[in-house]
Amino acid sequence: MNYGKSFADVYSKHLIHFSVQIAPRIYKYISTKSNKKEVLDLCCGTGQLAYYFLTKDFQVTGIDISNDMLYHAKELSKQFIEKGKAEFYNDDARYFSLNKKFPNIVSTYDALNHLEDEQSLIQCFQQVYEHLEDDGIFIFDLNTKLGLSKGGTFIREEETLFSVAQSMFEPLRNKAFTRYYGFVKNDDSPDYYKYDEVIYNTIFKMEDVREYLYNAGFGSVEFAHLNNLFKIVEEPESEERVFIIATK
Ligand SMILES: C[S@@+](CC[C@H](N)C(=O)[O-])C[C@H]1O[C@@H](n2cnc3c(N)ncnc32)[C@H](O)[C@@H]1O
């Protein structure tokens, strides 16, 4: 699913809270498990997590299917790209091929719920496995069925933004849809522009996710708490969102 320009512009300013909060937690986890300072950020979006790792002296590669999202990621990390510390590629999480392996691969903010079906998730896991070093760590988060079943409308009204997020759970289609729309102020004029984007999340069963990872070759798979990656979650379906940590 490809995020368009207007939504990417809004995302880069107003929807970055998750990756900004989560980046230090992932960094802490990775740093305790390994001393290799390199990470592949799959579905990197506007690059806030990538930027955090760059400030921690990591070598970072980002991949995203949306050039409009990548534009912001590249702007944010311009100085690191110039120094050869960061690279960003327009590619698909199901088919990417970089001809190298990474000690750490991450994918955040339910990016993998954006894959359209089980087969796509399986393909993505196979690519991740191929790109991971032996003993490498793959960390990603997913919205669970419980999290996605919470429909509703959320309105934000700020000086530079009026936004509506309307979520609809459609279990028969195995999806939850969110329509994000509203008006946002231009940076360099008093005008506001409209954005309107529908994003879906596919509902994956957590036990299936575990099985797909094992089938792809991963040696261990654990579900972890959103606020603390060291805390194992025994019943992931009873959480709204979980982290999954898979090691090769
Ligand atoms: C909710 S955003 C998350 C962005 C970023 N990881 C973050 O934490 O803010 C989901 C991202 O996944 C990307 N995406 C969706 N499907 C993709 C695919 N098949 N391959 C690569 N990127 C994809 C979208 O373009 C978008 O940037």
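Just so it is clear, the model here is predicted, and its values are computed rather than measured.

### Things to note about the pairing of strand β9 (residues 192–202)
- Pairing of strand β8 (residues 175–185) with β9, which is carried by eleven bridges, proceeds in the antiparallel orientation. When the bridges of β9 are listed, Lys175 appears paired with Thr202.
- What sits between β8 and β9 in their antiparallel hairpin is a turn of six residues.

### With respect to the UniProt feature "domain: Methyltransferase" (unreviewed entry) in the protein chain
- Those places that UniProt annotates as "domain: Methyltransferase" (unreviewed entry) correspond, in this numbering, to residues 39–136.
- The distance separating the terminal C-alpha atoms of residues 39–136 is 10 Å; by composition the span is 37% helix and 27% strand.

### Examining the site of the ligand
- The environment of the ligand is made up of 19 residues, and the closest members are Tyr11, Cys43, Asp64, Ala93 and Thr108.
- One nitrogen or oxygen atom from the main chain of Cys43 is found 2.7 Å from a nitrogen atom belonging to the ligand.
- At a separation of 2.8 Å, a nitrogen atom of the ligand approaches a polar backbone atom of Ala93.
- In terms of residue class, the shell around the ligand is made up of eleven nonpolar, five polar and three charged.

### So, the pairing of strand β2 (residues 59–64)
- Of all the six residues making up β2, five are buried; the element is thus mostly covered by neighbouring parts of the structure.
- Looking at chain direction, strand β1 (residues 38–42) and β2 are connected through five bridges and run parallel. Its bridge partner being in β2, Leu42 is matched across the sheet by Ile63.
- Following the backbone out of β1, through helix α3 (residues 48–55) and into the adjacent parallel β2, one traces a crossover that is right-handed.
- Here five bridges tie β2 to strand β3 (residues 86–90), and the two strands are oriented parallel to one another.

### Some remarks on the domain arrangement of the protein chain
- As assigned here, the protein chain comprises domain 1 (5–144 + 205–247) and domain 2 (147–202).
- The C-alpha centroid of domain 2 is placed 23 Å from the C-alpha centroid of domain 1.
- Taken together, the contacts link 17 residues of domain 1 with 20 residues of domain 2.
- Three residues stand out in domain 1 for area buried against domain 2, namely Phe7, Val10 and His14, and they jointly supply 35% of the buried area on that side.
- When the shortest N-O distance is used, the salt bridge between Asp187 and Lys13 registers 3.7 Å.
- If you look at where domain 1 meets domain 2, you find eleven residue pairs in polar contact (both at pLDDT 80 or more).
- Looking at which element gives the most residues to the side of domain 1 that touches domain 2, the answer is helix α1 (residues 5–14), with six residues.
- By residue class, the composition of the side of domain 1 that touches domain 2 is four nonpolar, six polar and seven charged.

Thresholds applied
- Residues numbered from 1 in each chain as written.
- Predicted model: local features only at pLDDT ≥ 70, side-chain atom pairs only at ≥ 80, totals over all residues.
- Heavy atoms only, no water.
- Pairing = 2+ DSSP bridges.
- Helix = DSSP H or I, 4+ residues; strand = E, 2+ residues; numbered from the N terminus.
- UniProt positions renumbered as here; feature names shortened; annotations may be inferred.
- Near = heavy atom within 4 Å.
- Polar contact = N/O pair within 3.5 Å; in protein donor to acceptor, adjacent residues only side chain to side chain.
- Nonpolar A, V, L, I, M, F, W, Y, C, P; charged D, E, K, R; others polar.
- Buried < 20%, exposed > 50% of the residue type's maximum accessible area, 1.4 Å probe, protein only.
- Right-handed = clockwise from strand over helix to strand, strands pointing away.
- Domains from an automatic or database assignment.
- Contact = heavy atoms within 4.5 Å.
- Buried area = accessible area lost by both parts, 1.4 Å probe.
- Salt bridge = Lys/Arg side-chain N within 4 Å of Asp/Glu carboxyl O.

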